[in-house]
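# Reading the structure
As a plain string of letters, each chain reads:
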Amino acid sequence: MNKQLYFNDMEVGMEVPALVKNPTSRQLVQWAGASGDFNEIHYDKDYAISTGLPGTIIHGRLRASFLGQLMTNLAGAEGYLKKFSCSYKAMDAPGSPLTCKGKVVRKYEKDGQGLIDCDIWIENARGEKTTEGKATVMLPYRK
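Remember, it's a predicted structure, so these values are computed and weren't measured experimentally.

## Observations regarding the nonpolar core
- One finds Leu70, Met71, Ile116 and Cys118 to be the most contacted residues of the largest nonpolar core, which totals 23 residues.
- Tallying contributions element by element places helix α3 (residues 60-75) first for this core, with seven residues.
- Filtering out sequence-adjacent residues up to four positions away, Cys118 remains in contact with Val16, Met71, Leu74, Lys103, Val104, Val105, Gly133, Lys134 and Ala135.

Dropping the structure here:
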């Protein structure tokens, strides 16, 4: 379990602790079963190539879930993810690490809650941003 972070300790410009994911072909098949997204481009290499892709690609919603995990890790057991969105800028293939990153862009209080807005993204092994988004987390106050 991650150490609980507190609203009092966060500052604009701080980086969110990175999360590295190593998606595999097996994980894509498992995700297809869990999500119901059985598009063959995610698990059938020959089919993916026949559509013009270089090989299988990672589901967009799986990448979104990686960013969701990044932010729930930030929130910890006492906080929560309040708002989340992302968009896909490029494709990612299984077999290469993806690094989920974020930065605090706003810190504010609303209705007695300590809120943190973050820009979030996924970088491939070449350092290219392939998924970008925004999130708001509620963090507890340090007592």
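After that view of the structure, there is still more to cover.
## Remarks on the layout of surface pockets
- By volume, the largest pocket is sized at about 200 Å³.
- As for the largest pocket, its lining consists of Pro54, Gly55, Thr56, Ile57, Met91, Asp92, Ala93, Ser96, Leu98, Asn124, Ala125 and Arg126.
- Its residues assigned to classes, the lining of the largest pocket shows six nonpolar, four polar and two charged.

## Quick notes on the packing of helix α1 (residues 25-35) against α3
- Packing of α1 against α3 brings their axes to within 10 Å, and their N-to-C directions diverge by 95°. Classified by the angle between their axes, α1 and α3 sit roughly perpendicular to one another. Contacts from Gln27, Leu28, Trp31 and Ser35 of α1 reach α3 at Arg61, Leu62, Ser65 and Phe66.
- For the contact of α1 with α3, a count of residues per class yields four nonpolar, three polar and one charged.

## Overview of the packing of aromatic side chains
- Per the stated rule, a full pass over the model turns up one aromatic pair.
- Between the aromatic rings of Phe7 and Tyr141, the centroid separation amounts to 5.3 Å while the plane-to-plane angle is 70°, which identifies the pairing as edge-to-face. One end of the pair, Phe7, is in the segment before β1 (15-21); the other, Tyr141, is in the segment after β5 (129-139), and 134 residues separate them in sequence.
- Phe7 sits in the buried class, given a relative accessible area of 6%.
- Looking at Lys107, its charged tip hangs above the ring of Phe7, at a distance of 4.7 Å from the centre.
- The ring of Trp121 has Lys129 sitting right over it, with the charged end atom 4.3 Å from the ring centre.

## Details of the state of the cysteines
- Using the criterion set out here, one finds zero disulfides in the structure.
- Looking at Cys86, it has no disulfide partner, and the nearest cysteine sulfur is the one in Cys100, 10 Å off.
- Among the residues examined, Cys86 registers a relative accessible area of 24% and is labelled partly exposed.
- Of the cysteine sulfurs around Cys118, a residue in no disulfide, the closest is that of Cys100, at 13 Å.

The rules we used
- Residue positions within a chain follow its written sequence, with the count starting from 1.
- Since the coordinates come from a predicted model, pLDDT governs what is reported: local features require at least 70, and pairs of side-chain atoms require 80 or more to be given and counted, while whole-chain, interface and lining totals use all residues.
- With hydrogens and water excluded, all non-hydrogen atoms of the structure serve as input to the side-chain values.
- As used in this record, nonpolar core signifies buried Ala, Val, Leu, Ile, Met, Phe, Trp, Tyr and Cys residues forming a set joined through side-chain atoms within 4.5 Å.
- To sort residues, take the accessible area from a 1.4 Å probe on protein chains only and compare it with the maximum for the residue type: under 20% means buried, over 50% means exposed, and anything in between is partly exposed.
- Starting at the N terminus, helices and strands are each numbered in turn, a helix being any DSSP run of H or I of at least four residues and a strand any DSSP run of E of at least two.
- When checking whether two residues touch, look at their non-hydrogen atoms; a contact exists if any pair is within 4.5 Å.
- Cavity and pocket criteria rest on a 1 Å grid covering protein atoms alone: a 1.4 Å probe that fits but cannot get out defines a cavity, protein on both sides within 12 Å along at least 5 of 7 lines defines an open pocket, and an atom within 4 Å of a point defines a lining residue.
- Grid points are joined across faces, edges and corners, and a volume is the space filled by probe spheres set on the points.
- Charged means Asp, Glu, Lys or Arg here, nonpolar means Ala, Val, Leu, Ile, Met, Phe, Trp, Tyr, Cys or Pro, and polar covers whatever is left, Gly included.
- Interaxial angles span 0 to 180 degrees and are taken between N-to-C directions of axes, which are lines fitted to C-alpha atoms, for helices over the stretch in contact.
- Note on angle classes: values under 35 degrees are labelled roughly parallel, values over 145 roughly antiparallel, values of 65 to 115 roughly perpendicular, and the remainder oblique.
- Whether two aromatic rings pair depends on their centres lying within 6.5 Å, for rings of Phe, Tyr and Trp, where Trp uses its six-membered ring; planes under 30 degrees apart make the pair stacked, over 60 edge-to-face, and the rest tilted.
- By the criterion adopted, a ring carries a charge over it if an Arg CZ or a Lys NZ lies within 6 Å of its centre and within 35 degrees of its normal.
- Note on terminology: disulfide denotes any pair of cysteine sulfur atoms within 2.5 Å.

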